[in-house]
Amino acid sequence: SDPHPRRRAFLLPVEIPLNDPITTAICEHIQRFYGDAAGVTVTPATSIDELNIDSLDRTELVIHVEREFGVTIPDSTWDRCTTVGLMIDAATGRLP
């Protein structure tokens, strides 16, 4: 059993509407550049580890999201993003 159930629950993405334009745009971008190569269908539940994204790819992805949506997100927030959904939460301000 998880010794830190509260911490784990905190890191789960909030309910993300799949028809949200930001969700769609981020999932489509990740699918095109990382999901297809990894043989993964990208959804908000997709783990970043499943996509075989290295640190350079992750940096490029963060830069793309920040530019595309006009947001600036601290590295400490991005570092907690272990799923596509958490990246979406960070980009939309739903991840503190």
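Everything below is about the structure shown above.
Residues numbered from 1 in each chain as written. Predicted model: local features only at pLDDT ≥ 70, side-chain atom pairs only at ≥ 80, totals over all residues. Heavy atoms only, no water.

Trainee: Could you clarify how one ought to interpret the nonpolar core in this entry?
Mentor: In a soluble, globular protein the nonpolar side chains are often hidden away together inside. Counting 22 residues, the largest nonpolar core has Ile30, Leu51, Trp78 and Val84 as the members making the most contacts within it. Looking at this core, the elements with two or more residues in it are α2 (21-38), α3 (55-69) and α5 (84-92). The dominant element in this core, judged by the number of residues it contributes, is α5, at 6 residues. Every residue in contact with Val84, bar those within four places of it in the chain, is listed here: Ile26, Cys27, Ile30, Val42, Thr43, Pro44, Thr46, Ile48 and Leu51. (Core = buried A, V, L, I, M, F, W, Y, C linked by side-chain atoms within 4.5 Å. Buried < 20%, exposed > 50% of the residue type's maximum accessible area, 1.4 Å probe, protein only. Helix = DSSP H or I, 4+ residues; strand = E, 2+ residues; numbered from the N terminus. Contact = heavy atoms within 4.5 Å.)

Trainee: What exactly am I supposed to notice about α5 here?
Mentor: Since one α-helical turn is 3.6 residues long, residues separated by three or four positions face the same way. Of all 9 residues in α5, 8 are buried, a share of seventy percent or more. For α5, the full list of buried residues reads Val84, Gly85, Leu86, Met87, Ile88, Asp89, Ala90 and Ala91. Looking one or two residues beyond α5, the residue adopting positive phi is Gly93, at roughly 80°.

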